[in-house]
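Survey of secondary and tertiary structure
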Amino acid sequence: MFGQSKAFSGFSVDDLDKARQFYGETLGLQVEESGQGDMRMLTIKLGSGASVFVYPKDNHTPASFTILNFPVDDIETAVDGLTQRGVSMERYPEFGSDAKGIVRGSEGPTAIAWFTDPAGNVLAVIQEN
């Protein structure tokens, strides 16, 4: 039924200006803004060609799951680059991580590191195999 639909995902933030700066400048993604006043929104263009809709929400609650995963060729370089841009890696007690915050394991991805956007939503970089 929706096999050919150009579906997209979306998530909320508490500050659209901070989100535009983080996704556009810090992460280097193409970000387009539309709307006016209280009806402003962002569209983030991903390297895959997909788009993600970002909207402000006064009573925003950060997503407790990973909203975006960024596969990378070299997770060490990606984490170093994020850290240089002021992004801190999240550390979860149930997953052992190295000094950089990278979790390596035999189950799931080869290596993954989580971080948050200014609204507290969780994102990740994942080592491509």
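Computed from a predicted model, the values in this text were never measured in an experiment. (Residues numbered from 1 in each chain as written. Predicted model: local features only at pLDDT ≥ 70, side-chain atom pairs only at ≥ 80, totals over all residues. Heavy atoms only, no water.)

Description of the environment of Asp58
Relative to the helices and strands, Asp58 is located in the loop between strand 4 (51-56) and strand 5 (66-72). Asp58 sits in the exposed class, given a relative accessible area of 86%. Taking the C-alpha atoms as reference points, Asp58 and Tyr92, 34 residues apart in sequence, are found 28 Å from one another. (Helix = DSSP H or I, 4+ residues; strand = E, 2+ residues; numbered from the N terminus. Buried < 20%, exposed > 50% of the residue type's maximum accessible area, 1.4 Å probe, protein only.)

Topic: the environment of Phe11
Its location among the elements puts Phe11 in strand 1 (residues 9-13). The class for Phe11 is buried, based on a relative accessible area of 7%. Put simply, Phe11 and Lys57 are 46 residues apart on the chain and 9.4 Å apart in space, counted from C-alpha to C-alpha. Setting aside its immediate chain neighbours within four residues, Phe11 contacts Tyr23, Ile44, Val52, Phe53, Val54, Tyr55, Ile67, Leu68, Asp117 and Asn121. (Contact = heavy atoms within 4.5 Å.)

Here we look at the sheet that holds strand 2 (residues 30-34)
Pairing is mixed across the open sheet formed by four strands, whose spatial order is 1-4-3-2. A single partner strand is all that each edge strand has here, and the edge strands are strand 1 and strand 2. For this sheet the average axis-to-axis angle between neighbouring strands, irrespective of direction, equals 25 degrees. The pairing of strand 3 (residues 41-45) with strand 4 spans four bridges and is antiparallel. From the neighbouring strand, Leu42 faces strand 4, where its bridge partner is Val54. Docked against the sheet, helix 1 (residues 16-26) engages strand 1, strand 2, strand 3 and strand 4, running at close to 10 degrees with respect to strand 3. (Pairing = 2+ DSSP bridges. Axes fitted to C-alpha atoms, helices over the stretch in contact; angles between N-to-C directions.)

Description of the side chain of His60
Among the structural elements, His60 can be located in the loop between strand 4 and strand 5. Of the polar contacts made by the side chain of His60, one reaches the side chain of Ser12; its length is 2.7 Å. The residues contacting His60, other than those within four sequence positions of it, are Ser12, Val13, Asp14, Ala119 and Asn121. (Polar contact = N/O pair within 3.5 Å; in protein donor to acceptor, adjacent residues only side chain to side chain.)

Comments concerning the pattern of salt bridges
Evaluated as defined, the whole model comprises eight salt bridges. In this structure, the salt-bridge partner of Arg20 is Asp17, at a minimum N-O distance of 3.2 Å. With Arg20 and Asp17 both in helix 1 and three residues apart, the pair spans about one turn of that helix. The exposure class of Asp17 is partly exposed, given its relative accessible area of 37%. A salt bridge links Glu33 to Arg20; the shortest N-O distance between them is 2.4 Å. Residue Glu33 is located in strand 2, and its partner Arg20 is located in helix 1; the two are separated by 13 residues in the primary sequence. When its relative accessible area of 36% is taken as the criterion, Glu33 is described as partly exposed. (Salt bridge = Lys/Arg side-chain N within 4 Å of Asp/Glu carboxyl O.)

As for the nonpolar core
Counting 29 residues, the largest nonpolar core has Phe11, Tyr23, Leu68, Ile75, Phe115 and Val125 as the members making the most contacts within it. When residues of this core are traced back to their parent elements, those giving at least two are strand 1, helix 1, strand 3, strand 4, strand 5, helix 2 (75-84), strand 8 (111-116) and strand 9 (122-127). Counting six residues, the second largest nonpolar core, distinct from the first, contains Ile112, Val122, Ala124 and Ile126. (Core = buried A, V, L, I, M, F, W, Y, C linked by side-chain atoms within 4.5 Å.)

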